[in-house]
Amino acid sequence: MTPTFGWSLDYTGARRRVSVVLPIVLLTTALAATSVQASGYDAASDVNSMASTTDYTGAQAWWAAGYTGQGVDVALIDSGISPVEGLNTPGKFVYGPDLSLESQAPNLAHLDTFGHGTFMAGLIAGRDSALTAPYEAAPASAYRGMAPDARIVSIKVAVADGGTDVSQVIAAIDWVVQHRNDDGLHIRVLNISYGTNSSQWYGVDPLAFAVEQAWDAGIVVVAAAGNSGYQAKGSARAPDFVAPGVHLQGLRVPGSWIDNLDGKTLLGERFMRGSGTSESAAIASGAAALILSKFPNATPDQVKRLIRSGAYDMPTQNTRQVGAGELRLATILSSPLPASGLPLPAAVGGGSIELARGSDHLTRDGVVLKGERDIFGKALNADLLAILEAAGNSWSGGTWNGSAWTGNSWSGNSWSGNSWSGNSWSGNSWSGNSWSGNSWSGNSWSGNSWSGNSWSGNSWSGNSWSTSSWS
């Protein structure tokens, strides 16, 4: 039994990204009618456990040398994080702003009703609360991610069915860039485990432009490819390298939307399996955090070139599909940082927000969010936005694109929230929403099942999140 790796295309098609991850073996079989419970799960005998994955990728060699991700913050723009075991050690994560449509429900804000963000956070930097260094000497049953001492900064954009809009994602990226060095923060990696099928040229695409600002600000951006394989058409380019992405052991959020899916494979009470470019992106983000814990002043270009230099060449695979090859960290543990390389021409932004969405759209009250506007229905001038992003001031306190999206300060370990005023893109007031009664209680969700109860209805979900199955 051998580990299966994934490839990744940069979802933006832009040039200055660590892009990695979509399963080489595509999962095309339909989901089974019911969930599968793996009885007597034994992480020691599972080649896809995180104990095994951190071993064969070489992460454990970095731990043994003293590099565990300490001092590196990884921003996770996703569906939030729920404090399950493996992520509930004090200081393991902080909540940035909740920019999702669930931010208006106090019982849902910041928490992961979808179940995706928590899974990604665990792969990147999970660590059981009783686990202490040396992590490589711990039994396989002790859960740890690629960079067990890195910290996650969670920026929630998605609701229980995965629904979000490109305007929310761009706002989240901008927030990460402009708050990366807030008091106590040191954001050096940004994980983006989703994508769009936009064919807009990256040089003007607003989503690609926002990502490029993060890269230029010194943040290693790791983007998932999506699960439909290498796209030879449009603006997509070859991946940089491949990383594990199939049947990985990850943290469960009991009662979440994913947890209620038919066909998932549960691994006891705490874990489940996940497959897709989402998972591979998270593995790569953890790898980047390890490198930055050794080389804290490394540029994103240097981190990418270092990983590529040690990747295992896969001669039987098309390099347009697998890039430099398979992620291998042990081979570069003693390598010096490479030069950054020649600068590339800067993107200009100013393209279409609607084209950046591709075919994925939010719907509320039967009204589809389309055109050059954000979730508040306000016109979004991409030319002006690009100017503000380049100057580092597209956010003003808690205001983005003229609307108050969130609070404007830290309150303990969370960014403050805000009650949305005015109307959504559908023309109806935000204050008139009826929110679900589900809430996080202890280690699981209480109340009714999330299945079929997503507030946002038809939305950016499913295939837009780069996870092909949970089996």
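S.K.: Account for the overall build of the chain, with residues named and values stated.
M.R.: Scanning the chain from N- to C-terminus turns up ten helices and 21 strands. The buried share of the chain, taken over its 471 residues, is 61%. A fraction of 80% describes how many contacts in the chain between residues 6 or more apart in sequence connect residues 24 or more apart. Just so you have it, the chain exposes about 16,400 Å², and 50% of that area is on carbon and sulfur atoms.

S.K.: Kindly report on the nonpolar core, identifying the contributing residues and their values.
M.R.: Ranked by size, the top nonpolar core spans 114 residues in total, and within it Ile 173 and Leu 329 carry the most contacts. For this core, the element with the most residues is helix H6 (residues 277-294), which contributes ten residues.

S.K.: Before we move on, could you go through the pairing of strand S6 (residues 151-156) and cite the residues and values that matter?
M.R.: Counting buried residues along S6, five of its six residues qualify, which places the element largely inside the surrounding structure. Judged from the six bridges that link them, strand S4 (residues 73-78) and S6 form a sheet pairing that is parallel. Each bridged residue has a counterpart across the sheet, and for Leu 76 the counterpart in S6 is Ser 154. Summarising the sheet, strand S5 (residues 93-98) and S6 pair through four bridges and their orientation is parallel. For Val 94, the partnering residue across the bridge sits in S6 and is Val 153. Read from S5 through helix H3 (residues 116-125) to S6, the crossover connection turns out left-handed.

S.K.: Could you give me a rundown of unusual backbone geometry, with the residues and numbers involved?
M.R.: The residue after Ala 133, namely Pro 134, is reached through a cis peptide bond having omega 5°. Here Pro 134 shows up in the loop between H3 and S6. Positive phi values are uncommon outside glycine, yet His 110 reaches one of about 75°. Its location among the elements puts His 110 in the loop between S5 and H3. We note that Asn 401 has phi near 55°; this positive angle belongs to a residue other than glycine. Looking at Asn 401, the relative accessible area reads 25%, which means it is partly exposed.

S.K.: Give a description of the environment of Val 220 that names residues and reports values.
M.R.: Residue placement: Val 220 occurs in strand S8 (residues 220-223). By relative accessible area, which is 0% here, Val 220 ends up buried. Each C-alpha atom of the pair Val 220 and Ile 187 lies 9.2 Å from the other, and the pair is 33 residues apart in sequence.

S.K.: Break down the sheet that holds strand S16 (residues 399-400) for me, with residues and values.
M.R.: Spatially, three strands are ordered S15-S16-S17 in an open sheet, and the strand pairing comes out antiparallel. The sheet terminates laterally at strand S15 (395-396) and strand S17 (403-404), the two strands that pair on one side only. Judged from the two bridges that link them, S16 and S17 form a sheet pairing that is antiparallel. Counted as the bridge partner of Thr 399 is Ala 404 from S17.

S.K.: Lay out the packing of helix H5 (residues 206-216) against helix H10 (residues 382-391) with the relevant residues and their values.
M.R.: Where H5 contacts H10, the axes come no closer than 10 Å and their chain directions differ by 5°. Between H5 and H10, the crossing angle belongs to the class labelled roughly parallel. Each of Pro 206, Phe 209, Ala 210 and Gln 213 in H5 lies in contact with H10, whose residues at this interface are Ala 382, Ala 386, Glu 389 and Ala 390. Across the contact of H5 with H10, the residue classes break down as six nonpolar, one polar and one charged.

S.K.: Give me the packing of aromatic side chains: which residues, what numbers.
M.R.: All chains considered together, the criterion is met by 16 aromatic pairs. Geometrically, the ring pair formed by Trp 175 and Trp 410 is edge-to-face, given 6.0 Å between the ring centres and 65° between the ring planes. One end of the pair, Trp 175, is in helix H4 (residues 166-178); the other, Trp 410, is in strand S18 (residues 410-411), with 235 residues separating them in the sequence. The exposure class of Trp 410 is partly exposed, given its relative accessible area of 28%. Put simply, the rings of Phe 376, Trp 400, Trp 405, Trp 420, Trp 425 and Trp 430 pair up and form one aromatic cluster. Positioned above the aromatic ring of Tyr 312, the side-chain terminus of Arg 328 is 4.3 Å from the ring centre. Across the ring face of Trp 430, the terminal group of Arg 364 is positioned such that the distance to the ring centre comes to 5.2 Å.

S.K.: Any chance you could break down the pattern of salt bridges for me, citing the residues and the numbers?
M.R.: Side chains that differ in sign of charge can pair as their charged atoms come close. Under the definition given, this model contains eleven salt bridges. Salt bridges linked by common partners bring Asp 165, Glu 354 and Arg 357 together as one network.

S.K.: If you had to explain the environment of Gly 323 to someone new, which residues and values would you point to?
M.R.: Within the secondary structure layout, Gly 323 lies in the loop between helix H8 (319-322) and helix H9 (353-357). Sequence separation between Gly 323 and Ala 311 is twelve residues, and the spatial gap between their C-alpha atoms is 9.1 Å. Setting aside anything within four residues of it in sequence, one finds Gly 323 in contact with Pro 239, Asp 240 and Phe 241.

S.K.: I'd like to hear about the packing of H3 against H6, residue by residue, with values.
M.R.: Helix-helix packing is characterised by the crossing angle of the two axes and by the distance between the axes. Between H3 and H6, the shortest axis-to-axis distance is 8 Å and the interhelical angle comes to 35°. Two packed elements cross with a definite hand, and for H3 against H6 that hand is right-handed. Two secondary-structure elements touch here, H3 through His 116, Phe 119, Met 120, Leu 123 and Ile 124 and H6 through Ser 278, Glu 279, Ala 282, Ile 283, Ser 285 and Gly 286. Class assignment of the residues belonging to the contact of H3 with H6 gives a composition of six nonpolar, four polar and one charged.

S.K.: With reference to specific residues and values, describe the confidence of the model for the chain.
M.R.: On average, residues of the chain score 86 in pLDDT, and 84% of them reach the 70 mark or higher. Counted against residues more than four places away or in other chains, residues 19-34, with its pLDDT under 50, gives 69 contacts. Low pLDDT, under 50, characterises residues 231-235; the predicted model gives this stretch nine contacts beyond four residues in sequence or across chains.

Rules of the game
- Residues numbered from 1 in each chain as written.
- Predicted model: local features only at pLDDT ≥ 70, side-chain atom pairs only at ≥ 80, totals over all residues.
- Heavy atoms only, no water.
- Helix = DSSP H or I, 4+ residues; strand = E, 2+ residues; numbered from the N terminus.
- Buried < 20%, exposed > 50% of the residue type's maximum accessible area, 1.4 Å probe, protein only.
- Contact = heavy atoms within 4.5 Å.
- Areas by Shrake-Rupley, 256 points an atom, 1.4 Å probe, with all protein chains shown as cover.
- Core = buried A, V, L, I, M, F, W, Y, C linked by side-chain atoms within 4.5 Å.
- Pairing = 2+ DSSP bridges.
- Right-handed = clockwise from strand over helix to strand, strands pointing away.
- Axes fitted to C-alpha atoms, helices over the stretch in contact; angles between N-to-C directions.
- Parallel < 35°, antiparallel > 145°, perpendicular 65-115°, else oblique.
- Nonpolar A, V, L, I, M, F, W, Y, C, P; charged D, E, K, R; others polar.
- Phe/Tyr/Trp six-rings, centres within 6.5 Å; stacked < 30°, edge-to-face > 60°.
- Lys NZ or Arg CZ within 6 Å of the ring centre and 35° of its normal.
- Salt bridge = Lys/Arg side-chain N within 4 Å of Asp/Glu carboxyl O.
- Left-handed = near helix turned anticlockwise from the far one by under 90°.
- pLDDT = per-residue confidence, 0-100.

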